[in-house]
Amino acid sequence: MADRVTVIGWDGSPLTQAARSALSAATLVAGAAHHLVLPEVPPRAERIRLGSVDLAARRIASHRGSAVVLADGDPGFFGVVRTLRAPEHGLEVEVVPAVSSVATAFARAGMPWDDAQIVVAHRRTLRRAVNVCRAHTKVAVLTSPGAGPAELALLLDGVHRTFVICEEQGTAREQVTVLTSDKVADHVWRDPNVVIVIGGAGSLTAVSGNRSGWIAGREPGYPPELRGWALPPADPQAPPAREGEYAGLRAAQLARLGPRIGDLVWDIGSGGGALAAEAARFGAAVIAVDADPDACRRSASEARRLGVQLQVVQGRAPHVLERLPEPDVVRIGGGGVPVVTAVADRRPQRIVTHASTRDEAESIGAALAAGGYDVECALLQAVELDTTDWTERERTVVFLLCGRHTESRG
């Protein structure tokens, strides 16, 4: 097998002495086409054009001699090192890193990037990458053919963002372009490229880097009054947005939805936006839908209060749902069986709703089951006490329903 595998990162700058030494001794060199024509590659070395890293790793493992793998940027950052180090290949790997393509892109843009989300977009993961761009104010996207700037922009339909597109970094053809998302699909972009997607509420803070700077990515800290989940409303005297939607029910619904980064959540009948905004705090992209203009305004206000991104759509379900992108999980705050049926036809992983009566719960449960969902139903009861004299202040009884699809997307 190969005596040693040296992985060399290349960012367009001259190779280091360590990289040149490893290349001069190489008997096998693997890399992209533009790597294999570098003058430092020994003319007698076997050359492998890098397509499938797994297949290349198998060939390297059977090679007798010194192997070198060339890769763009930092090969340990969403790069080839992970595959080469897989136990099944049994390779001993030495890495000579370069500046990552993400670091270079942010440098070209003159922006800090310790507060950015970083995602890889392939055809199979493009939808989740787009959802991260919906939910966060600064995202770097490592693109691939078929999952590039144009595809990202098209799937962000209805969400305004600014794209910083860095093409062919480190080469003579390097170019940096700044466009709004609605203009990106009008152009043809060269591979490889890195896209920085910025914008949304609070984007000025994200771009300027005005944060405490103690952890990379999205800062999880909140003011003390916003610590916890199922928070009380901003106005304690405000009535519930929907009958039965007390904080305990919201907590149970969030627990069953399990929103996570990369997900798209629909909150249908969002009311004051309490659940929608809290789902966004988990890092998910959220679309809040309500027919009432005042409810839409309150949802947007709640998102600002909690410092999260929220797309608010005014319209009446189920008709308004036809033009929305595919959801991962859905909370239905109202609309009954017709809305439940329409949502089930879109096959999200989970649907969560509630009912005021047992008859209503049975009807909704039957609609979920007919749509291919395993149905859970629980009767929740909460009694709020006045702690000045420990007397009952309010009693709430509601049926919680959750449908889990066994064959939906992962």
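Residues numbered from 1 in each chain as written. Predicted model: local features only at pLDDT ≥ 70, side-chain atom pairs only at ≥ 80, totals over all residues. Heavy atoms only, no water.

Quick notes on the layout of surface pockets
Summary: where empty space remains is shown by rolling a probe the size of a single water molecule over the atoms. In this structure, the largest pocket encloses a volume near 1500 Å³. Around the largest pocket, the lining is made up of 45 residues, and of these Asp-72, Phe-78, Gly-79, Thr-143 and Pro-192 lie nearest the centre. At the level of secondary structure, the elements contributing two or more residues to the lining of the largest pocket comprise α2 (33–36), β4 (66–72), α4 (81–84), α5 (101–109) and β10 (193–198). Within the lining of the largest pocket, the residues separate by chemical class into 19 nonpolar, 19 polar and seven charged. (1 Å grid on protein atoms, 1.4 Å probe; cavity = no way out; pocket = protein on both sides within 12 Å on 5 of 7 lines; lining within 4 Å. Points joined across faces, edges and corners; volume = space filled by probe spheres on them. Helix = DSSP H or I, 4+ residues; strand = E, 2+ residues; numbered from the N terminus. Nonpolar A, V, L, I, M, F, W, Y, C, P; charged D, E, K, R; others polar.)

Observations regarding the pattern of salt bridges
On inspection of all chains with the given rule, the structure shows 24 salt bridges. Here Arg-173 ties to Glu-168 by a salt bridge, and the two come within 2.9 Å at their closest N and O atoms. Overall, the relative accessible area of 48% leaves Arg-173 in the partly exposed class. Among the salt bridges present, the one from Arg-305 reaches Glu-302, with a minimum N-O distance of 2.9 Å. Of this pair, Arg-305 and Glu-302 both sit in helix α12 (residues 293–306), separated by three residues, roughly a single helical turn. Assessed through its relative accessible area of 30%, Arg-305 is described here as partly exposed. Beyond isolated ion pairs, a larger network of salt bridges with shared partners links Arg-127, Arg-128, Arg-260, Asp-263 and Asp-328. (Salt bridge = Lys/Arg side-chain N within 4 Å of Asp/Glu carboxyl O. Buried < 20%, exposed > 50% of the residue type's maximum accessible area, 1.4 Å probe, protein only.)

Some thoughts on the nonpolar core
Formed by 27 residues in total, the largest nonpolar core has its most connected members in Trp-266, Ile-268, Leu-321, Ile-332 and Val-343. Elements with a minimum of two residues in this core: β11 (264–268), β12 (285–290), β14 (329–332), α13 (336–344), β15 (350–355), α14 (358–370) and β17 (391–405). Look past the residues within four positions of Ile-332 in its chain and what remains in contact with it is Ile-268, Val-339, Val-340, Val-343, Ile-351, Val-352, Thr-353 and His-354. Of all hydrophobic cores here, the second largest spans 26 residues; its members include Ala-252, Ala-280, Val-398 and Leu-400. (Core = buried A, V, L, I, M, F, W, Y, C linked by side-chain atoms within 4.5 Å. Contact = heavy atoms within 4.5 Å.)

Let's talk about a nonpolar patch on the surface
The grouping of Val-383, Leu-385 and Trp-390 at the surface amounts to a nonpolar patch, some 310 Å² of accessible area in total. Tracing the sequence through the fold places Trp-390 in the loop between β16 (373–386) and β17. Trp-390 gets classed as exposed once you look at its relative accessible area, which sits at 60%. (Patch = residues over 30% accessible without salt bridge, like charges linked within 9 Å, V, L, I, M, F, W, Y side chains within 5 Å. Areas by Shrake-Rupley, 256 points an atom, 1.4 Å probe, with all protein chains shown as cover.)

Thoughts on the pairing of strand β6 (residues 117–120)
Alternating positions in β6 separate cleanly, Gln-117 and Val-119 being buried on one face and Ile-118 and Val-120 remaining unburied on the opposite face. Here four bridges tie β6 to strand β7 (residues 138–142), and the two strands are oriented parallel to one another. The residue bridging Val-119 from the neighbouring strand is Val-141, located in β7. Once you follow β6 into helix α6 (residues 126–135) and on to β7, the crossover reads as right-handed. (Pairing = 2+ DSSP bridges. Right-handed = clockwise from strand over helix to strand, strands pointing away.)

Concerning unusual backbone geometry
Note the cis peptide between Asp-191 and Pro-192, where omega equals -5°. For Pro-192, the position within the fold is in the loop between α8 (181–184) and β10. Across the junction of Ala-317 and Pro-318, the peptide omega takes the value 10°, indicating a cis bond. Take Pro-318: it is sitting in the loop between β13 (311–314) and β14.

A few points about the confidence of the model for the protein chain
Taken as a whole, the protein chain shows an average pLDDT of 91; of its residues, 92% reach a score of 70 or greater. For residues 203–209, every residue scores under 50 in pLDDT, and the model assigns this stretch 11 contacts once sequence neighbours within four places are set aside. (pLDDT = per-residue confidence, 0-100.)

Description of α5
Here α5 has its buried residues at Val-102, Ala-103, Thr-104, Ala-105 and Phe-106. Those residues of α5 that are buried lie in contact with β6, β7, β8 (162–167) and β10. Where α5 ends, the next residue or the one after it, Gly-110, has phi of about 70°, a positive value.

Focus: the sheet that holds β11
The strand order β13-β12-β11-β14-β15-β17-β16 describes an open sheet built from seven strands, whose pairing is mixed. Here the strands that pair on one side only, and so sit at the sheet edges, are β13 and β16. Averaged over all pairs of adjacent strands, the angle between strand axes in this sheet comes to 20°, irrespective of strand direction. Examined bridge by bridge, β14 and β15 share four bridges and lie parallel to one another. Bridge pairing links Ile-332 to Thr-353 in β15. Across the sheet, helix α10 (residues 247–257) touches β14, β15, β16 and β17, and the angle it forms with β15 is around 160°. Packing against the sheet, helix α11 (residues 274–281) makes contact with β11, β12 and β14, and its axis sits at approximately 175° to β12. (Axes fitted to C-alpha atoms, helices over the stretch in contact; angles between N-to-C directions.)

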